[in-house]
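Below are the chains, spelled out letter by letter.
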Amino acid sequence: MLIDFFLHLKAKKLPVSTREFLTLLEALKEHVAENSIDDFYFLARTCLVKDETHYDKFDQAFGEYFKGVTQIPGLDADIPEEWLKMMMKKHLTPEEKAKLEKLGWDKLMEEFKKRLAEQKERHAGGSKWIGTGGSSPFGHGGYHPEGIRIGGESTGNRTAIKVWENREYRNLDDTVELGTRNIKIALRRLRRFAREGAEDELDMDGTIAGTARNAGWLDIKMRPERHNKVKVLLFLDIGGSMDDHIKVCEELFSAAKSEFKHLEYFYFHNCIYDYVWKDNRRRHGERFPLWDVMHKYGEDYKVVVVGDATMSPYEILQPGGSVEYSNEEAGAVWLQRMLDTWPRAVWLNPEPERLWDYRHSIELIRTIFNSRMFPLTLAGLERAMRELNK
Amino acid sequence: MRFEGTDTYVATPDLMLAVNAAITLQRPLLIKGEPGTGKTMLAEEVAGALGVPLLQWHIKSTTKAQQGLYEYDAVSRLRDSQLGDEKVKDISNYIVKGVLWQAFEQGKPSVILIDEVDKADIEFPNDLLRELDRMEFHVYETRQTVRAAVRPIVIITSNNEKELPDAFLRRCFFHYIKFPDKDTMGRIVDVHFPNLKKDLLREAMEVFFELREVPGMKKKPSTSELIDWLKLLVAEDIPPEALRSKDRKTVVPPLAGALLKNEQDVHLFERLVFMAKHNR
Ligand SMILES: Nc1ncnc2c1ncn2[C@@H]1O[C@H](COP(=O)(O)OP(=O)(O)OP(=O)(O)O)[C@@H](O)[C@H]1O
Ligand SMILES: [Mg+2]
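Right, let's walk through the structure included here. (Residues numbered from 1 in each chain as written. Chains lettered and ligands numbered in written order. Predicted model: local features only at pLDDT ≥ 70, side-chain atom pairs only at ≥ 80, totals over all residues. Heavy atoms only, no water.)

1. With respect to the overall build of chain A
Okay, so step 1: Counting its secondary structure elements, chain A contains 16 helices and nine strands.
Okay, so step 2: The buried share of chain A, taken over its 390 residues, is 48%.
Okay, so step 3: Surface exposure of chain A reaches about 20,100 Å², of which carbon and sulfur atoms provide 51%. (Helix = DSSP H or I, 4+ residues; strand = E, 2+ residues; numbered from the N terminus. Buried < 20%, exposed > 50% of the residue type's maximum accessible area, 1.4 Å probe, protein only. Areas by Shrake-Rupley, 256 points an atom, 1.4 Å probe, with all protein chains shown as cover.)

Structure (structure tokens):
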């Protein structure tokens, strides 16, 4: 029966391993938990779940398996359409989205409903099992839909809309840590070691040479430890179609912030023009002319642009093509200027690589960047870091 | 050996169970939770309750795994050899024992606290896998193997600054200390101030939990701030009425500096109070 429980957790996408399951069995054998189901619940959790963000999911799976109190709400529940739209975006693969984009909303909804029906169970990710004040998870059980965030999001056809009004984008949160570990390891490829600061490491070669010169009398040489001195400049596309990629961008940003001592970043929207900004809440007041940025952060900076490069080609090729204001010079001109300053700059694109060929704007930017565009995946990141190290 | 909480530390049943699992199965226990929720204190209390020594290893960004085992002080040895010191002949004079070694050679149970493991480099936990698994390591300089006769209880805390490697996590029990609910908090306060007046406690707790709800706080006040604040309230003999106000949102509570330590939070809070006053 416990094996079934274990498989059930796995089926619910909890990252449990056999080793941890064996630990649970061992703990039961040693009578760490008494016979109460409460104890068993706590024990299973401490053995199997290693991340508090999975507690909810675990509670839910546990409740289901041990005949939790209620059922998963069916599709007949009253779900606001806006929310369905959001869920749809989560459940469809990018290819499917691209394919369906042309079909229109009604068709899309139909398709999505079918999909939801197939995936009733997974869909229940939106409900969680509530305990009573944490004392017993079995108190008043019940499911409720969670995460219904409505409004604010324009699900429609973003690419063509000319947005004149001031939109508010939120700043990327650099405290997000989920999944950043792997990103950090990939970022470590980017390094330029230098010795600076306090002399706290024995310089073995220096000491030997010094001692020899000293006729055998010890001449200890100390030196500062090696540190990664690489300087990184990030440009982050924010808002609009990038909202779909906010999580991976936050992870990257967060990882980069902790990995690189010398990190500078600026935001832009869709394409880079004559100015960028640092705070999305004050971006209309606090602008940084790109000319200044190029002068201030010289060639020794490694430049990484993060963006989906998904826009109307006008936004790259035409003066005045920006969706936000009337730019005097075309985006392509500014991109070229950037590359004149930082010839090795790379572009990271969160859109899947296989879709790049279908988007004219991606093709354009990729050409400007001399093919130094990489997908925002671990593998892509590694390729990009290797390129920057050249 | 079983841990049941102590007179000075309130442990919820799930926390106790996690600690006892770690004690019984002799595997490390990883503790996470908001700052000030008693992670570090837990190790001290477990050691105290079981009556065994506590060996503490506080991790910094520069800490290396090897330092927990031992370090070879080659520089001192070189110097001594120049001075013709007799000590120099025995390399073991220059082996400095780390926290794990000290625990391993106790010959009886002990508690090792590895505090704030997330401060170190991301490879740090991986570098300790084998040592924590087998509770032994090899000293190359003296060709000896140090092995724990009795496996120590290992408690590791993390503030979530870095993600920990999966291989490491799989070997640990894990417990996330949920921020105490009002009930638990009442018991914690009781441990620190057994004679606190009931009405002062009630008012203070309401102020405290309301303050935690203020949106946009950079650092929410935690258990330790509440304790500090109560200490001041008692010392200054602040009456409960001073904490009560018809609309609590329109006054800054007395001695609020003990609760809000971040200057930006103080400003934010004052601004909110100011706005609430004007909107009345
Ligand atoms: N469960 C508890 N019982 C009694 N006192 C507690 C409890 N939790 C917290 N405290 C009080 O809060 C103080 C802070 O606890 P501690 O330093 O262990 O927190 P921490 O979780 O290690 O915080 P940090 O993440 O900042 O290191 C303790 O000294 C104690 O006064
Ligand atoms: Mg601590």
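2. Some remarks on the overall build of chain B
Okay, so step 1: The helix and strand inventory of chain B stands at twelve helices and nine strands.
Okay, so step 2: Pairs at least 24 residues apart make up 73% of the contacts formed inside chain B by residues separated by at least 6 positions.
Okay, so step 3: Accessible surface computed for chain B: about 13,800 Å², of which carbon and sulfur atoms make up 49%. (Contact = heavy atoms within 4.5 Å.)

3. Side note on helix α12 (residues 263–278) of chain B
All names here are of chain B.
Okay, so step 1: Under the 1.5 Å per step criterion, the end-to-end length of α12 is 23 Å for 16 residues, consistent within 8% with the ideal 22 Å.
Okay, so step 2: Among all positions of α12, only D265, L268, F269 and V273 are buried. Down the axis of α12, the sector holding all buried residues measures 135°, keeping them to one side. Of the residues in α12, the exposed ones pointing more than 90 degrees away from the buried face are E263, F274 and H278.
Okay, so step 3: Residues of α12 that are buried make contact with α10 (198–213). (Expected span 1.5 Å × (residues − 1). Arc of directions from axis to C-beta.)

4. Thoughts on the site of ligand 1
Residue and element names in this part refer to chain B.
Okay, so step 1: The full set close to ligand 1 counts 16 residues, and V10, G36, K39, T40 and M41 are the nearest of them.
Okay, so step 2: K39 places a side-chain nitrogen or oxygen 2.8 Å from an oxygen atom of ligand 1.
Okay, so step 3: Contacts to ligand 1 include T40, whose side-chain N or O atom sits 2.7 Å from an oxygen atom.
Okay, so step 4: Burial of ligand 1 by the protein amounts to 80% of the accessible area it has alone, namely 640 Å².
Okay, so step 5: Sorting the residues of the shell around ligand 1 by element identifies α2 (39–50), α9 (182–192) and α11 (223–235) as the ones contributing at least two each.
Okay, so step 6: Considering each element in turn, the shell around ligand 1 owes the most residues, three residues, to α2. (Near = heavy atom within 4 Å. Polar contact = N/O pair within 3.5 Å; in protein donor to acceptor, adjacent residues only side chain to side chain.)

5. Points about the sheet that holds strand β1 (residues 29–33) of chain B
Residues and elements named next belong to chain B.
Okay, so step 1: Strands sit in the order β2-β5-β8-β1-β9 across an open sheet of five strands; the sheet is parallel. Two strands bound the open sheet, and with one partner strand each, they are β2 (54–58) and β9 (173–177). Between one strand axis and the next, the sheet turns through 20° on average, direction left out of account.
Okay, so step 2: Pairing between strand β5 (residues 111–115) and strand β8 (residues 153–158): four bridges, direction parallel. Along β8, the bridge assignment pairs I112 with V154. (Pairing = 2+ DSSP bridges. Axes fitted to C-alpha atoms, helices over the stretch in contact; angles between N-to-C directions.)

6. A few points about the pairing of strand β7 (residues 301–306) of chain A
Residue and element names in this part refer to chain A.
Okay, so step 1: Burial analysis of β7 places six of its six residues in the buried class, which makes it a mostly covered element.
Okay, so step 2: Where burial is concerned, the two faces of β7 agree: the one with Y301, V303 and V305 and the one with K302, V304 and V306 are both buried.
Okay, so step 3: As defined by bridge partners, strand β3 (residues 231–237) adjoins β7 across six bridges and the pair is classed as parallel. Within β7, the position partnered with L234 by the bridge is V304.
Okay, so step 4: Pairing of β7 with strand β8 (residues 346–349), which is carried by three bridges, proceeds in the parallel orientation. Residue pairing across strands places V305 opposite W347, the latter belonging to β8.

7. Focus on the interface of chain A and chain B
Okay, so step 1: The interface is formed by 38 residues belonging to chain A together with 37 residues belonging to chain B.
Okay, so step 2: The junction of chain A with chain B conceals about 3,200 Å² of combined surface from both sides, 56% of it contributed by carbon and sulfur atoms.
Okay, so step 3: With a shortest N-O distance of 3.2 Å, E52(A) and K32(B) are connected by a salt bridge.
Okay, so step 4: Counting the contacts that link chain A with chain B gives nine residue pairs in polar contact (both at pLDDT 80 or more).
Okay, so step 5: Elements supplying a minimum of two residues to the side of chain A that touches chain B: α2 (18–29), α3 (37–48) and α9 (180–187) of chain A.
Okay, so step 6: The element contributing the most residues to the side of chain A that touches chain B is α3(A), with six residues.
Okay, so step 7: Its residues assigned to classes, the side of chain A that touches chain B shows 14 nonpolar, nine polar and 15 charged. (Buried area = accessible area lost by both parts, 1.4 Å probe. Salt bridge = Lys/Arg side-chain N within 4 Å of Asp/Glu carboxyl O. Nonpolar A, V, L, I, M, F, W, Y, C, P; charged D, E, K, R; others polar.)

8. A word on the nonpolar core
Okay, so step 1: F5(A), L43(A), L48(A), F58(A), F3(B) and I114(B) are the most contacted members of the largest nonpolar core, which has 83 residues in total.
Okay, so step 2: Here the element with the most residues in this core is helix α1 (residues 13–25) of chain B; it accounts for nine residues.
Okay, so step 3: Not counting residues within four places of it along the chain, the set of residues in contact with F58(A) comprises F5(A), L9(A), L14(A), Y41(A), A44(A), R45(A) and V49(A).
Okay, so step 4: In this structure, V232(A), L252(A), Y265(A) and V276(A) belong to the second largest nonpolar core, which totals 62 residues. (Core = buried A, V, L, I, M, F, W, Y, C linked by side-chain atoms within 4.5 Å.)

9. Quick notes on a nonpolar patch on the surface
Residue and element names in this part refer to chain B.
Okay, so step 1: Together, L272, F274 and M275 make up a nonpolar patch on the protein surface, roughly 290 Å² of accessible area in all.
Okay, so step 2: Note on placement: M275 falls in helix α12.
Okay, so step 3: Take M275: its relative accessible area is 44%, and that puts it in the partly exposed class. (Patch = residues over 30% accessible without salt bridge, like charges linked within 9 Å, V, L, I, M, F, W, Y side chains within 5 Å.)

10. Quick word on the packing of α9(B) against α10(B)
Residues and elements named next belong to chain B.
Okay, so step 1: For the pair α9 and α10, the least separation of the axes is 11 Å and the interaxial angle reads 125°. In terms of orientation, α9 and α10 fall into the oblique class. Crossing of α9 against α10: the hand is right-handed. Residue-level contacts link K182, M185, G186 and V189 of α9 to L201, M205, F208 and F209 of α10.
Okay, so step 2: Residue classes in the contact of α9 with α10 are distributed as six nonpolar, one polar and one charged. (Parallel < 35°, antiparallel > 145°, perpendicular 65-115°, else oblique. Left-handed = near helix turned anticlockwise from the far one by under 90°.)

11. Points about the environment of A120(B)
Residue and element names in this part refer to chain B.
Okay, so step 1: The residue A120 is located in the loop between β5 and α6 (124–127) in this model.
Okay, so step 2: Along the chain, A120 and T63 lie 57 residues apart, while their C-alpha atoms are 6.0 Å from each other.
Okay, so step 3: When sequence neighbours within four positions are dropped, the list of residues in contact with A120 reads I59, K60, S61, T63 and K162.

12. Here's the deal with the side chain of S110(B)
Okay, so step 1: The topology assignment puts S110(B) in the loop between α5 (99–104) and β5.
Okay, so step 2: Setting aside anything within four residues of it in sequence, one finds S110(B) in contact with V52(B), P53(B), L55(B), A103(B), P152(B) and I153(B).

13. Structural notes on the packing of aromatic side chains
Okay, so step 1: Per the counting criterion, the structure on display carries 25 aromatic pairs over all chains.
Okay, so step 2: Taken together, a centroid distance of 6.2 Å and an interplanar angle of 45° make the contact between Y275(A) and W277(A) tilted. Comparing Y275(A) with W277(A) shows no difference in burial state: the two are buried.
Okay, so step 3: When the centroid spacing of 6.3 Å and the interplanar angle of 80° are considered together, the rings of F179(B) and F209(B) count as edge-to-face. Taken together, the positions of F179(B) in the loop between β9 and α9 and F209(B) in helix α10 put the pair 30 residues apart, joining distant regions of the chain.
Okay, so step 4: On the basis of relative accessibility, which here comes to 14%, the residue F179(B) falls in the buried class.
Okay, so step 5: A residue is classified by how much of its surface remains accessible, and F209(B), at 13% relative accessible area, is buried.
Okay, so step 6: Three or more aromatic residues joined by ring pairs make a cluster, and in this case those are F235(A), F266(A), F288(A), Y297(A), Y301(A) and W342(A). (Phe/Tyr/Trp six-rings, centres within 6.5 Å; stacked < 30°, edge-to-face > 60°.)

14. Some points on the pairing of strand β4 (residues 262–268) of chain A
Both faces of the sheet carry side chains from a regular strand, because those side chains alternate between them.
Residues and elements named next belong to chain A.
Okay, so step 1: Buried residues dominate β4, accounting for five of its seven residues.
Okay, so step 2: Across seven bridges, the pairing between β3 and β4 is parallel. Paired with L234 across the strands is Y265, a residue of β4.

Everything listed here is a matter of coordinates, which is why it stays silent on function.
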